[in-house]
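# Coordinates in review
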Amino acid sequence: MARSLVIKVTAGADAPERCNQAFTVAAAALASGVPVSLWLTGESSWFALPGRAKDFSLPHAAPLADLLEAILAGGRVTLCTQCAARRNITVDDVIDGVRIAGAPAFVEEAVAEGAQALVY
């Protein structure tokens, strides 16, 4: 069975290097042909909203908006249900292609045969 990568990013603008690293790894894996599922949780939840990734800046790093666009084009992006609720984000608010799902869906993906989970 082919390997897949499930990445949970908990950091946002509060920890920019960790946040950008998660998006970079996800985009690099996709470019290498690895199926990727990126989970936005905690402060990274804000990047499920239009325009938020464009406001993120980190010197010497690929623009977060470009990374997110690549991940949406080739992988799956999920916003945590509880994280969305705590921030009053609804399905009508998120970027096209972002789904909202909870812990059971994350666990299902993370323990699937051939899956490797990473948390940033």
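Residues numbered from 1 in each chain as written. Predicted model: local features only at pLDDT ≥ 70, side-chain atom pairs only at ≥ 80, totals over all residues. Heavy atoms only, no water.

If you check an unreviewed UniProt entry, the protein chain appears there as Putative peroxiredoxin from Nonomuraea polychroma.

Attention shifts here to the side chain of Ser 44. Mapped onto the fold, Ser 44 is located in the loop between β2 (36-40) and α2 (64-74). With relative accessibility at 0%, the residue Ser 44 sits in the buried group. Setting aside anything within four residues of it in sequence, one finds Ser 44 in contact with Val 9, Thr 10, Ala 11 and Gly 12. (Helix = DSSP H or I, 4+ residues; strand = E, 2+ residues; numbered from the N terminus. Buried < 20%, exposed > 50% of the residue type's maximum accessible area, 1.4 Å probe, protein only. Contact = heavy atoms within 4.5 Å.)

This part covers the packing of aromatic side chains. Scanning the model with the defined rule gives three aromatic pairs in all. A centroid spacing of 6.1 Å and a plane angle of 90° characterise the contact between Phe 23 and Phe 47, whose relative ring orientation is edge-to-face. Linking Phe 23 in helix α1 (residues 16-31) with Phe 47 in the loop between β2 and α2, this pair joins segments that are 24 residues apart in sequence. Taken as a pair, Phe 23 and Phe 47 share a single burial class, namely buried. Residues Trp 39 and Phe 106 carry aromatic rings whose centres are separated by 5.4 Å and whose planes lie at 85° to one another, so their mutual orientation is edge-to-face. Separated by 67 residues along the polypeptide, Trp 39 in strand β2 and Phe 106 in helix α4 (residues 103-110) bring together distant segments of the chain. Here a set of aromatic residues connected by ring pairs shows up, and it is made of Phe 23, Phe 47 and Phe 56. (Phe/Tyr/Trp six-rings, centres within 6.5 Å; stacked < 30°, edge-to-face > 60°.)

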